[in-house]
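Inside the fold
Residue-level listing of the chains:
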Amino acid sequence: MLYLTGIKLTSGVYHLEEQDVTNNPSTVAPGPYATYGNYHRREPDKMAVLSETYGGSIFFRRWAAWMIDFILIVFGYGGLVYFTAKKVSEVGTPNMGMVVMLFLMGSFCYYLLLEGLTGYTLGKFVLRIQVVNGEGKPPGIVKSLIRTLIHLVDTNPLLFFGLPAGICVLVTPRKQRIGDMAANTYVVKVRDLGTVSRKKTGILSGVIILMTIISVIFAVSLISSLITQMVKPEVFTSKDSQFAVTAPWNWSRDDRINEDADISIKNEFTERYLIVLSEPKSDFDSSMTLQDYKGIIEDHLVSGIMAPELGNPSDIEVNGYPAIEFTLKGEVEGTPIMYNVTTIETPSHYHQVLAWTYASRYSRAQQELLKIRDSFREMNML
């Protein structure tokens, strides 16, 4: 318990002195003091004192937390922005200027709001460290704004690879980076805070875990997309080596899909499939047309599934060849399937290109399936 022991007049300014009846005042650790008007109350900044007790381990925790945040922001949030922009965009490639702007704004708010209101980022929560003010509480928006603005410089991987922040944390007595010193904040271990600033941690934990899961999902999606674009696609040729299609690296040949097909390929991970069946024109009457051939294929496919829903046909071109495209939805062994069917006429053959996946996944798979279909060509065109 603290007792007020007296008031001493010094140069016209009053100073309140407090004395702990159970401790010698001289044992109070030095540090910055809180100021109240003309009165100076001897209250050491406990977080400053606590920070001075830390060794190099706090640097490694902060570095590991920064790495987690960096990965989740770049690949998780970056993936979310990219795929959202791609979904909104009517063309295949989204506006990259908009993507970059949204990414930078979201990244800035990520640090500003999370650290300002909770003291945590996802990385700091995992590593059990927290940004606090001198009282051991979340720093608030103003201090967080200062930290985040300077964050753009001292921890920016594109500017000095974040070396200024690392050097400051290692050499300063209170293990502060430049942003901490400017905002008068500290990064401390959660276990050292006791019961301070631990309210609503259950809700906070749930929110952070949910954000982490969402970030990981989009991170995996973005990394997979980048790998697909970077790795050379594979050319799959027909059994007689006359025709071919090109598919991403994660597609593979599987002749068990349809033993009669000239080309049978699949993406096993996403459960997408495509086959090509080719028939010489010499096997048909000379009066056969592409429209007639399409009608034969359509009747055959419709008779083989339950509850068929036939889409309207469209006249298109595939690599300069005349073609007719239509969709067909139905149930196969009780499972809803969506087919994209294209009949193609080349000088010597009629071809069926059947691409399909689960009906619930078709909208996401359509672009890839059609891109593989559009790569169909005669080998002498390579």
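Residues numbered from 1 in each chain as written. Predicted model: local features only at pLDDT ≥ 70, side-chain atom pairs only at ≥ 80, totals over all residues. Heavy atoms only, no water.

**Here's the deal with the sheet that holds strand β7 (residues 234-237)**
Read from one edge of the open sheet, three strands run β7-β8-β17, paired in antiparallel fashion. The sheet terminates laterally at β7 and β17 (377-378), the two strands that pair on one side only. Examined bridge by bridge, strand β8 (residues 243-247) and β17 share two bridges and lie antiparallel to one another. Residue pairing for β17: Ala244 is matched across the bridge by Arg377. (Pairing = 2+ DSSP bridges. Helix = DSSP H or I, 4+ residues; strand = E, 2+ residues; numbered from the N terminus.)

**Things to note about a nonpolar patch on the surface**
Taken together, the side chains of Leu145, Leu149, Leu152 and Val153 make up a nonpolar region of the molecular surface, amounting to roughly 330 Å² of accessible area. Mapping Leu145 onto the fold places it in helix α5 (residues 141-154). (Patch = residues over 30% accessible without salt bridge, like charges linked within 9 Å, V, L, I, M, F, W, Y side chains within 5 Å. Areas by Shrake-Rupley, 256 points an atom, 1.4 Å probe, with all protein chains shown as cover. Salt bridge = Lys/Arg side-chain N within 4 Å of Asp/Glu carboxyl O.)

**Some words on the pairing of β7**
Regular strands place side chains that alternate from one sheet face to the opposite one. Note: β7 against β8, four bridges, orientation antiparallel. The partner of Phe236 across the bridge, within β8, is Val245. The antiparallel hairpin formed by β7 and β8 contains five residues in its connecting segment, where Ser241 sits at a positive phi of about 60 degrees.

**Some remarks on unusual backbone geometry**
A positive phi angle is found at Asn184, which is not glycine, with a value near 55 degrees. Structurally, Asn184 is set in the loop between α7 (178-183) and β6 (186-189). For Asn184, a relative accessible area of 36% translates into the label partly exposed. In this structure, Glu333 takes a positive phi of about 55 degrees despite not being glycine. Considering the arrangement of structural elements, one finds Glu333 in the loop between β14 (321-332) and β15 (335-345). (Buried < 20%, exposed > 50% of the residue type's maximum accessible area, 1.4 Å probe, protein only.)

**As for helix α10 (residues 362-374)**
Between its terminal C-alpha atoms α10 stretches 17 Å, which fits the 18 Å expected from 13 residues at 1.5 Å a residue. All of the buried residues in α10 are Tyr362, Ala365, Glu368, Leu369, Leu370, Ile372 and Arg373. (Expected span 1.5 Å × (residues − 1).)

**Re the packing of aromatic side chains**
The geometry of an aromatic ring pair is captured by two quantities: the separation of the ring centres and the angle between the planes. Applying the stated criterion to the full structure yields ten aromatic pairs. A ring pair is formed by Trp66 and Phe70, whose centres lie 5.4 Å apart and whose planes are at 20 degrees; its orientation type is stacked. Placement of both Trp66 and Phe70 in helix α2 (residues 57-88) is noted, with a separation of four residues, approximately one turn of the helix. Considering the side-chain rings of Tyr120 and Phe125, the 5.4 Å spacing of their centres and the 75 degrees angle between planes classify their relative orientation as edge-to-face. The exposure classification of Tyr120 matches that of Phe125, with both residues buried. Here the aromatic cluster, defined as three or more aromatic residues joined through ring pairs, consists of Tyr273, Tyr339 and Trp356. If you follow Arg128 out to its NZ or CZ, it ends over the ring of Phe125, 5.0 Å from the centre. (Phe/Tyr/Trp six-rings, centres within 6.5 Å; stacked < 30°, edge-to-face > 60°. Lys NZ or Arg CZ within 6 Å of the ring centre and 35° of its normal.)

**Let's talk about the pattern of salt bridges**
Overall, the coordinates contain 14 salt bridges when judged by the stated rule. Glu268 is the partner of Lys266 in a salt bridge, and the nearest nitrogen-oxygen pair spans 4.0 Å. Linking Lys281 and Glu345 is a salt bridge whose minimum nitrogen-to-oxygen distance equals 2.6 Å. Note that Lys281 is positioned in the loop between β11 (272-280) and α9 (290-303) and Glu345 in strand β15, a separation of 64 residues in sequence. If you follow the salt bridges from partner to partner, you end up with Arg62, Glu115, Lys124, Arg147 and Asp180 in one network.

**Focus on the side chain of Asn267**
With respect to the helices, strands and loops of the structure, Asn267 is situated in strand β10 (residues 263-267). Overall, Asn267 belongs to the buried group, its relative accessible area being 2%. The residues contacting Asn267, other than those within four sequence positions of it, are Asn250, Trp251, Arg272 and Glu368. (Contact = heavy atoms within 4.5 Å.)

**Observations regarding the environment of Thr172**
Along the chain, Thr172 turns up in the loop between α6 (163-171) and α7. Residue classification places Thr172 among the buried residues on the basis of a relative accessible area of 12%. The spacing of Thr172 and Glu52 is 120 residues in sequence and 8.9 Å in space, taken between C-alpha atoms. Here Cys168 takes part through its backbone oxygen, which lies 2.6 Å from a polar atom of the side chain of Thr172. At a separation of 2.9 Å, a polar atom in the side chain of Thr172 contacts the main-chain amide nitrogen of Gln176. (Polar contact = N/O pair within 3.5 Å; in protein donor to acceptor, adjacent residues only side chain to side chain.)

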